[in-house]
Amino acid sequence: MHKRVLTLDEFIFQKQTVARYASGELSGLLRDIGLASKIIHRDVNKAGLIDVLGDAGQENVQGEGVKKLDVIANDTFINSLRVSGQCAGVASEELENFIAFKGTRSEKAKYVVLLDPLDGSSNIDVNVSVGTIFSILKRKTVDGPCQLEDFLQKGVEQVASGYVIYGSSTMLVYTTGHGVNGFTLDPSIGEFCLSHPDILLPSDGTIYSINHGYRWHFSNGVKKYIDHCINSSGERENPHSLRYIGSMVADIHRNLIKGGIFMYPISESYPDGKLRLLYECNPMAFIVEQAGGRANDGQTRIMEIDPTQLHQRSQIFMGSPKMMDRLEKCLQVDYVTEKVES
Ligand code: AHG
Ligand code: MN
Ligand code: MN
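Below is a short write-up of the structure. Nothing here was measured: the structure is a model prediction, and the numbers come from that model.

Looking only at helices and strands, the protein chain has nine helices and 17 strands in total. Here the protein chain has a C-alpha radius of gyration of 20 Å; the compact-globule value for 342 residues is 20 Å, and the two agree. Each principal axis of the C-alpha atoms in the protein chain carries an extent, and together these give about 60 × 55 × 45 Å. Excluding contacts between residues fewer than 6 apart, the proportion of contacts in the protein chain whose partners are at least 24 apart in sequence is 65%. Carbon and sulfur atoms provide 50% of the accessible area of the protein chain, an area that totals close to 15,600 Å².

Here you go:
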C-alpha cells in the first residue's frame, strides 16, 4: 500500500497549530504562493505550445530585457496575493515601485512579500530550469497602506522565505526559521507533497558555481579561490566540479542537496554585483543558513546588510560551511591589498 502523502497545505496547517499565537495569516500567504506557483508551473510546462516564449518587448526598471513569462509570473503572483487579503503589499524585481494593496483587509494585513517572480528567465526559451523566489516580512507600519520602510528591512527580519524550482519536477522549498522543507508537485493530483523533510546542506562539497566567463574581472581573492577549485579537480581527494546553470534557484537547489558553493562576485559589468539583495540574496541566504550553510558578501553576512533601496544589488557567496571557510581565506588577499593601498 502507498504511504499517505502529506500535502503542503496540511503541513502548513500542522505547523501553524504548533506555533503559539499563529493567527493563520502567514499560513494563508504561504498557501497563496503555493497556488500561484501551480499556475506558473502549468504555463512553464506548456511554454513551447502556448504563446509565452520570447521577449515581452520591454525593459524592466533595471534596464534588463523582460521575457513574456516574467510578466505573466509577476502578474500571477501579484493578483493571487492581492485577492487573498493576507498581504499588505508587494515589491517585485519587475516593478519600479512597490504596490500597496487597497481595501480594509489588505491594509490591516501584517505581512508584505518581496518577489523575484521568474528567476533565470533567460533559460526559459531553451527549456532549462527556472524558478520563483519569495521573501515575507512583517510590516513595520501597523495600519493603512504599507510603506517603503516595510520592505527595506534586513534579511534577519524575514519571517519566511523560499523558492519554487520549475525543473524536471516542480518543487517548493521554504523556511519559517525552523529548518527547511521541500515539497514536490504531483501534477496528477495538483498538490505539493512533502518529499524533502528537514533539508540539511552537506557541511562540505565539491561543486562550485560561478560564471567563469567573467573571470578576468574578478578580485584577486576570488581568482585565488577559483584556482584552488581548478587545481583540486586534478586531485584524487575532493576533486571539484564546476556546475553553473545561470538560474540562481537551480544552482542553489542543486548545491543544497549535494553540497557546494554559489558565487556571484562583483565584476566590471556589475560593479555592485548582479543579484538583488531583497528579491534574491536575502531569501536564498535564509534558506541556506537554515539548512546549515553560510551566506555573505565577502565581508558581511548577507542577512545583516541594511538595505537603502528596493532594487539594491550585492556581491554574494553562499554554500557549505567548509567551502565558505576556504573561500574566506582566499578573500583575505583582497582586504590585505586594500589596506596596503589605503
Ligand atoms: P533574473 O532572471 O531574475 O534576472 O535572474 C538571473 C540571475 C540569476 O538567476 C543567475 O544566477 C544570474 O542572473 C546569471 O547571470 P549571468 O548570466 O551573468 O551568469
Ligand atoms: Mn533572479
Ligand atoms: Mn527574475
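A separate point is the coordination of the manganese ion (ligand 3). Only Glu93 (OE), Asp116 (OD) and Leu118 (O) from the protein coordinate the manganese ion (ligand 3), and they sit 2.2 to 2.3 Å from it. Counting residues between consecutive donors of the manganese ion (ligand 3) along the chain gives the motif E-x22-D-x1-L. In this structure, the manganese ion (ligand 3) lies 3.8 Å away from the manganese ion (ligand 2), the two metals sharing Asp116 as a donor. Taken together, the positions of Glu93 in the loop between β3 (87-92) and β4 (99-100) and Leu118 in strand β5 (residues 111-119) put the pair 25 residues apart, joining distant regions of the chain. The exposure class assigned to Glu93 is buried, which follows from its relative accessible area of 4%.

This part is about the site of ligand 1. In the vicinity of ligand 1 lie 18 residues, with Asp119, Asn211, Tyr214, Tyr244 and Tyr264 positioned nearest. Taking Ser121, its main chain carries an N or O atom lying 3.0 Å from an oxygen atom of ligand 1. Here an oxygen atom of ligand 1 and a side-chain polar atom of Tyr264 are 2.6 Å apart. Alone, ligand 1 offers 470 Å² of accessible surface; in the complex the protein occludes 87% of this. Only β5, β13 (260-264) and β14 (275-276) provide two or more residues apiece to the shell around ligand 1. For the shell around ligand 1, the leading source of residues is β5, giving three residues. Of the residues assigned to the shell around ligand 1, the class counts are seven nonpolar, five polar and six charged.

For the rest of this paragraph, the subject is the coordination of the manganese ion (ligand 2). Only Asp116 (OD), Asp119 (OD) and Glu280 (OE) from the protein coordinate the manganese ion (ligand 2), and they sit 1.8 to 2.1 Å from it. Positions of the donor residues of the manganese ion (ligand 2) along the chain correspond to the pattern D-x2-D-x160-E.

When you tally the buried positions in β13, you get five out of five residues, the bulk of the element. Across the two faces of β13 the burial is the same, with Gly260, Phe262 and Tyr264 and Ile261 and Met263 all buried. By the bridge criterion, three bridges tie strand β11 (residues 207-209) to β13 in an arrangement that is parallel. Residue pairing across strands places Tyr208 opposite Ile261, the latter belonging to β13. For β13 and strand β17 (residues 316-319), the ladder comprises four bridges, and the chain directions are antiparallel. Bridge pairing in β17 places Met263 opposite Phe317.

Okay, the side chain of Asp70 next. Among the structural elements, Asp70 can be located in helix α3 (residues 68-84). Excluding anything up to four places from it in sequence, Asp70 contacts Gly65, Glu94, Pro117, Leu118 and Ser121.

On the basis of which strands lie adjacent, the open sheet formed by eight strands has the order β4-β3-β5-β6-β7-β8-β9-β10 and mixed pairing. Of all strands in the sheet, those bounded by a partner on one side alone are β4 and β10 (191-196). In the sheet, β3 pairs with β5 via five bridges, with the strands oriented parallel. Counted as the bridge partner of Val90 is Val113 from β5. Sheet strands touched by α3: β3, β4, β5, β6 (130-138) and β7 (158-166). Its angle to β5, the strand with the most contacts, is close to 160°.

About the cut-offs
Residues numbered from 1 in each chain as written. Chains lettered and ligands numbered in written order. Predicted model: local features only at pLDDT ≥ 70, side-chain atom pairs only at ≥ 80, totals over all residues. Heavy atoms only, no water. Helix = DSSP H or I, 4+ residues; strand = E, 2+ residues; numbered from the N terminus. Rg over C-alpha atoms; globule rule 2.2 N^0.38 Å. Contact = heavy atoms within 4.5 Å. Areas by Shrake-Rupley, 256 points an atom, 1.4 Å probe, with all protein chains shown as cover. Donors = N, O, S within 2.8 Å, 3.2 Å for Na, K, Ca; no water. Buried < 20%, exposed > 50% of the residue type's maximum accessible area, 1.4 Å probe, protein only. Near = heavy atom within 4 Å. Polar contact = N/O pair within 3.5 Å; in protein donor to acceptor, adjacent residues only side chain to side chain. Nonpolar A, V, L, I, M, F, W, Y, C, P; charged D, E, K, R; others polar. Pairing = 2+ DSSP bridges. Axes fitted to C-alpha atoms, helices over the stretch in contact; angles between N-to-C directions.

Function cannot be inferred from these measures alone, as they are strictly geometric.
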